[in-house]
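Listed below, chain by chain, are the residues.
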Amino acid sequence: MANMVGQVLEGHKITFHKDELPFEGLGHNKALYITMKCEDYFITRILIDGVSNLNICPLVTLKKLGKGLHEIKDGAINVKAFYGSQRSTIGKISLCLQMGPTWFDVDFQVINVPASYNLLLGRSLIHAVGAVASMLHQEVKFE
């Protein structure tokens, strides 16, 4: 019986290999950005953040998606920025994202700050969709 369990677990293992490393190898210090489809648009520079539990959408990205302020729901919260400063979000909005072959409705906190990303995906979403992110390999893999 234990042998069968080992075989089942081995069959569903997600692995990353040395040959999947970026050109710079182990010495790179890159953040993990991906591109995804969001409703009818392709969004580049989506930051995968394994530390944050929130999904963040800068207001400028929301406007590029053709969304107006009237579509943002109440639910403003205070968030801590990278350098420890606190900001209040405008509210929340649900956007439809395609990850692999599947579409997901994802709740984002909307914030009006300049950002190096177009969307930020937090740890809870990555876990919910069964994905494993490797910043080292610059890849996201799905179960």
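Throughout, a residue's number is its position along its own chain's written sequence, starting from 1. Local features in this predicted model are restricted to residues of pLDDT 70 or higher, and side-chain atom pairs are both shown and tallied only at a pLDDT of 80 or more, whereas totals for entire chains, interfaces and linings draw on every residue. With hydrogens and water stripped out, all remaining heavy atoms of the structure feed into the side-chain values.

1. Description of the overall build of the chain
No. 1: Under the DSSP-based scheme used, a helix requires at least four consecutive residues in state H or I and a strand at least two consecutive residues in state E, with every element numbered from the N terminus. Within the chain, the secondary structure is distributed over 3 helices and 10 strands.
No. 2: Element order for the chain, N to C, with α for helix and β for strand: α-β-β-β-α-β-β-β-β-β-α-β-β.
No. 3: Taken over 143 residues, the chain has a buried fraction of 35%.
No. 4: Residue contacts follow a heavy-atom distance rule, with two residues in contact if any of their heavy atoms lie within 4.5 Å. Intrachain contacts of the chain at a sequence separation of at least 6 include 59% that bridge at least 24 residues.
No. 5: Counting every atom, the chain has about 9200 Å² of accessible surface; 55% of that belongs to carbon and sulfur. For every residue, the accessible area obtained with a 1.4 Å probe (protein chains only) is divided by the maximum for its type, and the residue is called buried under 20%, exposed over 50%, and partly exposed between those limits. Reported accessibility uses the Shrake-Rupley method at a 1.4 Å probe radius. Residues are deemed covered only where the shown protein chains occlude them.

2. Notes on unusual backbone geometry
No. 1: Here Glu39, not a glycine, exhibits a phi torsion of approximately 55 degrees, which is positive.
No. 2: By the element assignment, Glu39 lies in the loop between strand S1 (33-38) and strand S2 (41-49).
No. 3: Residue Glu39 is classed as partly exposed on the basis of its relative accessible area, which comes to 25%.
No. 4: Backbone geometry places Arg45, a non-glycine residue, at a positive phi of 55 degrees.
No. 5: Arg45 sits in the partly exposed class, given a relative accessible area of 40%.

3. Some points on the environment of Asp49
No. 1: By secondary structure assignment, the location of Asp49 is in strand S2.
No. 2: In sequence terms Asp49 and Ala31 are 18 residues apart; their C-alpha atoms lie 8.5 Å from each other.

4. Focus: the nonpolar core
One broad rule of soluble globular proteins: the nonpolar side chains tend to lie buried together.
No. 1: The term nonpolar core refers to a set of buried residues drawn from Ala, Val, Leu, Ile, Met, Phe, Trp, Tyr and Cys, joined through side-chain atoms within 4.5 Å. Within the largest apolar cluster, 24 residues are counted, with the highest numbers of intra-cluster contacts made by Leu62, Leu95, Leu97, Met99, Phe108, Leu119 and Leu121.
No. 2: When residues of this core are traced back to their parent elements, those giving at least two are S1, S2, helix H2 (59-64), strand S6 (91-99), strand S7 (102-111), strand S8 (119-122) and helix H3 (123-128).
No. 3: Take this core: its biggest share by element is 4 residues, from S6.
No. 4: The residues touching Leu119, leaving out its near neighbours within four places in the chain, are Ile43, Arg45, Ile46, Leu47, Ile56, Cys57, Pro58, Thr61, Leu95, Leu97 and Phe108.
No. 5: With 7 residues, the next largest nonpolar core counts Leu47, Ile56, Val113 and Leu120 among its residues.

5. Overview of the packing of aromatic side chains
No. 1: Any two of the Phe, Tyr and Trp rings considered here, Trp counted by its six-membered ring, make a pair once their centres fall within 6.5 Å; the pair's planes then place it as stacked at under 30 degrees, edge-to-face at over 60, or tilted in between. Applying the stated criterion across every chain yields a total of 0 aromatic pairs.
No. 2: The ring centre of Tyr33 lies 4.0 Å from the NZ or CZ of Arg45, which sits over that ring. Here, a charge over a ring means that NZ of Lys or CZ of Arg falls within 6 Å of the ring centre while also lying within 35 degrees of the ring normal.

6. Regarding the pattern of salt bridges
No. 1: One speaks of a salt bridge when a side-chain nitrogen belonging to Lys or Arg is within 4 Å of a carboxyl oxygen belonging to Asp or Glu. Overall, the coordinates contain 2 salt bridges when judged by the stated rule.
No. 2: Close ionic contact of Glu39 with Lys67 constitutes a salt bridge, the shortest N to O distance being 2.9 Å. Of this pair, Glu39 sits in the loop between S1 and S2 while Lys67 sits in the loop between H2 and strand S4 (78-80), placing them 28 residues apart in sequence.
No. 3: For Lys67, a relative accessible area of 18% translates into the label buried.
No. 4: Residues Lys67 and Glu71 are paired through a salt bridge, measuring 3.8 Å at the closest nitrogen-oxygen approach.
No. 5: On the basis of relative accessible area, Glu71 is assigned to the partly exposed category, the value being 29%.
No. 6: Three or more residues are tied together by salt bridges with common partners; here these are Glu39, Lys67 and Glu71.

7. Notes on the confidence of the model for the chain
No. 1: With 85% of its residues at a pLDDT of 70 or more, the chain shows a mean pLDDT of 81.
No. 2: The quantity known as pLDDT measures the predictor's confidence residue by residue, on a range of 0 to 100. Scored below 50 in pLDDT, residues 1-10 shows 0 contacts in the model against residues more than four places distant or in partner chains.

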